[in-house]
Amino acid sequence: QVQLVESGGGLVQAGGSLRLSCAASGRTFSTYPMGWFRQAPGKEREFVAAISWSGGSTYYADSVKGRFTISRDNAKNTVYLQMNSLKPEDTAVYYCAADGSRGISSRTVVTEARRYDYWGQGTQVTVSS
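Here the structure is a predicted model, which means the values were calculated and not measured.

Here we look at unusual backbone geometry
Okay, step 1: Backbone geometry places Asn77, a non-glycine residue, at a positive phi of 55 degrees.
Okay, step 2: On the secondary structure map, Asn77 appears in the loop between strand 7 (68-73) and strand 8 (78-83).
Okay, step 3: Positive phi, normally seen in glycine, also occurs at Ser85, with a value near 50 degrees.
Okay, step 4: Tracing the backbone shows Ser85 in the loop between strand 8 and strand 9 (92-98).

Quick notes on the packing of aromatic side chains
Okay, step 1: Under the defined criterion, the tally for this structure stands at 6 aromatic pairs.
Okay, step 2: Arranged with centres 5.5 Å apart and planes meeting at 80 degrees, the rings of Phe37 and Tyr116 form a pair that is edge-to-face. Here Tyr116 lies in the loop between strand 9 and strand 10 (118-119) and Phe37 lies in strand 4 (residues 34-39), a separation of 79 residues in the sequence. Each of the two residues, Phe37 as well as Tyr116, counts as buried.
Okay, step 3: For the pair Phe37 and Trp119, a centre-to-centre distance of 5.1 Å together with 55 degrees between the ring planes defines the contact as tilted. In this pair, Phe37 sits in strand 4 while Trp119 sits in strand 10, placing the two residues 82 residues apart along the sequence.
Okay, step 4: Overall, the relative accessible area of 2% leaves Phe37 in the buried class.
Okay, step 5: Seen from the ring of Tyr80, Arg19 lies directly overhead, with NZ or CZ sitting 4.0 Å from the centre.

Analysis parameters
Residues numbered from 1 in each chain as written. Predicted model: local features only at pLDDT ≥ 70, side-chain atom pairs only at ≥ 80, totals over all residues. Heavy atoms only, no water. Helix = DSSP H or I, 4+ residues; strand = E, 2+ residues; numbered from the N terminus. Phe/Tyr/Trp six-rings, centres within 6.5 Å; stacked < 30°, edge-to-face > 60°. Buried < 20%, exposed > 50% of the residue type's maximum accessible area, 1.4 Å probe, protein only. Lys NZ or Arg CZ within 6 Å of the ring centre and 35° of its normal.

What follows is the structure, given as structure tokens:
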């Protein structure tokens, strides 16, 4: 069983930055592809960014490409989402997720929510105009 705890959300003005963290329990974190998703009020959960278990591959939604950066520190069991040039439309609850499948390639990134096995409770990000 893996537990994920997000932190770092808050209120920021448009153009500002935030860094989200997702701390994971469990000794096998380093083998899990990780992802960030978000859900705005009245909207479906959407993919934001993903990273392979090695950290060598990343993938971003077009809406955040060039502004957000996903990274991980396997020694600290933590994945990060650096968010720059924030816009009001980035306002949402942000969730991190872990894919607990075995035998995944070190370069595989997972973008589909249904493939993730573990989810955090979410952290609120609000961007004011």
